[in-house]
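# Observations on the three-dimensional arrangement
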Amino acid sequence: MKVLIIYASAGAGHRRAAEAIYNYLKENSPDLDLVLLDSLDKTNALFKFDYTKGYSFLVNYATLVWHWAFLVTDSKFLRPISRTLARIINGINSQRLIRYFIQENPDVIVSTHFLPSELAADLKRRHKLSSKLITIITDYGVHPFWISAGTDLYVVASDFTRDRLVKEGVGVEKIRVLGLPFEPKFLRHFDRRILGHQVGIDPEKFTVLLMTGSFGLGPLEKIAEALHKDCQVLVVCAGNKKLYARLLKRNFENVKVFGFISNAEELMAAAQVIITKPGGATITEILIMELPVVFISAIPGQETANVEALAEYGIGVSPKNIGEIKNFVLDLKNNPQKILELKQRIRQIQKPFACKELASVIR
C-alpha cells in the first residue's frame, strides 16, 4: 500500500504535521510504502520562491496586505473569482506535481496543505487519479481554500473546526475530529527539577516561556523587561540575531536567552505559562503539554481564527498591551488553582492519540 504524505513549505506548521505522521507510520506501520514530499519541490522555481518567501514577507512585514488578501479570498461574494484564479495559477505552475500524482497514483494521499489537496481533488474529479485523499486542516479555523470537492476525508483538530466545515457545506460523514499530528517527544514525562538543571534554570521559580516562531518577532524584549523582576523568563529568539544580541547585552535578571532550539518540549515542560503566536502546530503542542497560553502577534486571518477557536473552550488570552500580559501572568503565579483549572479545560480538547487515530483511517 503506497501512501504519499505531502505538504507545502509555506510556514513550518504544514511540514511539522506531515513529518509527524510520516515518522509515526514509518515506525508503527513498516508494511506501508511511504513517501514524504514537499509539493513545492515539484512546482516551478519562481512559484516556489513566491509561495515561501512571499508568504514569509507578507505575514511578518506586510500584515495589512496579507489580511486584505485573506479577507478577499474568504469572502463568499468574491470566492468564485478568487478560487477560479487560484486554480488557474496553481495548475499552470504545478504541472510537474500534477504529472507526479498521475504517474504515481498512490493508494492514499495525506495532505497537510490546501495546494496539493486542491490539485489532487481536481484530478480525482476528472478521473485521472483514484487515490483516497485525506486532508489534514492544520489550523483550528477553516479558510475556504481547504475545501475541495473530491476530498474523501477531512481530519480536523476540534469540534469548532468541524462545525465550520459543516457550515461551508461539507458533509459531517467526511469529517473526523482526530487532532493534528505532533512529534511523540511532547508526550514524554518530564521531571521539572532534573529538567531545570539540564536547561540551566532554577526549577523552583515560576517560569514564563516566550517564543514566536523562526523569526523571533513580536514584543519579546518588552515582555521580558516587564516580567523579569517577578518571574523567570525563557526567551527563544530563533533567527532574530539582533534581539538575541540585545537581550544578552541587557543581561536582565532571571532571563535566559536562546537562539534556535530543538528542545521546545523541554522548555515548555519547564514553564508554567507560554507567551506565543497562535499557529496551529504550536497550539497542538501546547495543548499536549497542558500549558496555559497567552497569544501575541497573531497573523490576521488563520491565526486570529485559531484564537477564536480556543476562546470557545476558555483557553488562551490575547491581551491588548504589555501591562495586561503582566497582570495575567502574575495572576496565574499568585493563584495556582487557576492554572489547574486551565489544565482541566485543555484536557477536554487535547488529542494525545492523533497520529494513532489518523493511522487507523489511512488503511
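Note: the structure precedes this text.
If you're wondering where the values come from, they're calculated on a predicted model, not measured in any experiment.

On the surface, a cluster of nonpolar side chains totalling about 340 Å² of accessible area is made up of Phe 57, Tyr 61 and Phe 215. Its location among the elements puts Phe 57 in helix α2 (residues 45-61).

Next up on the list: the packing of aromatic side chains. Pairs of aromatic rings are described using the distance from one ring centre to the other and the angle between the two planes. For the coordinates displayed, the defined rule picks out 3 aromatic pairs. Ring centres of Phe 114 and Trp 146 lie 5.5 Å apart, and the angle between their planes is 85 degrees; on these two criteria the pair is classed as edge-to-face. Highlighted residues: Phe 114 in helix α6 (residues 114-125) and Trp 146 in the loop between β4 (132-136) and β5 (153-156), separated in sequence by 32 residues. When its relative accessible area of 21% is taken as the criterion, Phe 114 is described as partly exposed. Members of the aromatic cluster, connected to one another through ring pairs, are Phe 114, Phe 145 and Trp 146.

Moving on: the packing of helix α5 (residues 95-104) against α6. The packing of two helices is summarised by the inter-axis angle and the distance between the axes. For the pair α5 and α6, the least separation of the axes is 10 Å and the interaxial angle reads 55 degrees. As judged from the angle between their axes, α5 and α6 are oblique. The element α5 and its partner α6 pack so that their crossing is right-handed. Contacts between α5 and α6 involve Leu 97, Ile 98, Phe 101 and Ile 102 on the former and, on the latter, Pro 116, Leu 119, Ala 120 and Leu 123.

What follows deals with the environment of Leu 40. Tracing the sequence through the fold places Leu 40 in the loop between β2 (33-38) and α2. By relative accessible area, which is 0% here, Leu 40 ends up buried. In this structure the C-alpha to C-alpha distance between Leu 40 and Ile 6, which are 34 residues apart in sequence, comes to 9.7 Å. The residues contacting Leu 40, other than those within four sequence positions of it, are Ala 8, Ser 9, Phe 47, Lys 48, Tyr 51, Thr 52 and Leu 115.

Now for the pattern of salt bridges. Taken as a whole and judged by the stated rule, the model has 24 salt bridges. In this structure, Asp 122 and Arg 126 form a salt bridge, with 3.0 Å as the shortest nitrogen-oxygen distance. A relative accessible area of 24% means that Asp 122 is categorised as partly exposed. Taken together, the salt bridges that share partners define one network made up of Lys 185, Arg 188, Glu 265 and Glu 266.

Mapping Gln 350 onto the fold places it in the loop between α15 (336-349) and α16 (354-362). By relative accessible area, which is 17% here, Gln 350 ends up buried. Separated by 2.8 Å, the side chain of Gln 350 and the backbone oxygen of Leu 287 make a polar contact. Residues within four places of Gln 350 in sequence aside, it is in contact with Leu 287, Ile 288 and Glu 290.

Right, let's talk about the pairing of strand β9 (residues 255-258) for a bit. Judged from the 4 bridges that link them, strand β8 (residues 232-236) and β9 form a sheet pairing that is parallel. Pairing of Val 236 across the sheet is with Phe 258, part of β9.

Counting buried positions along β4 yields 4 of 5 residues, so the element is predominantly enclosed. Relative to β4, strand β3 (residues 108-111) runs parallel, the two sharing 4 bridges. Looking across to β4, one finds that Ile 109 is bridged to Leu 133. Remark: the β3/α6/β4 crossover connection has right-handed handedness. Across 3 bridges, the pairing between β4 and β5 is parallel. Note on β5: the bridge partner recorded for Ile 136 is Val 155.

So, how was this worked out
- Residues numbered from 1 in each chain as written.
- Predicted model: local features only at pLDDT ≥ 70, side-chain atom pairs only at ≥ 80, totals over all residues.
- Heavy atoms only, no water.
- Patch = residues over 30% accessible without salt bridge, like charges linked within 9 Å, V, L, I, M, F, W, Y side chains within 5 Å.
- Areas by Shrake-Rupley, 256 points an atom, 1.4 Å probe, with all protein chains shown as cover.
- Salt bridge = Lys/Arg side-chain N within 4 Å of Asp/Glu carboxyl O.
- Helix = DSSP H or I, 4+ residues; strand = E, 2+ residues; numbered from the N terminus.
- Phe/Tyr/Trp six-rings, centres within 6.5 Å; stacked < 30°, edge-to-face > 60°.
- Buried < 20%, exposed > 50% of the residue type's maximum accessible area, 1.4 Å probe, protein only.
- Axes fitted to C-alpha atoms, helices over the stretch in contact; angles between N-to-C directions.
- Parallel < 35°, antiparallel > 145°, perpendicular 65-115°, else oblique.
- Left-handed = near helix turned anticlockwise from the far one by under 90°.
- Contact = heavy atoms within 4.5 Å.
- Polar contact = N/O pair within 3.5 Å; in protein donor to acceptor, adjacent residues only side chain to side chain.
- Pairing = 2+ DSSP bridges.
- Right-handed = clockwise from strand over helix to strand, strands pointing away.

Fair warning: the whole summary comes from geometry, so function is off the table for now.
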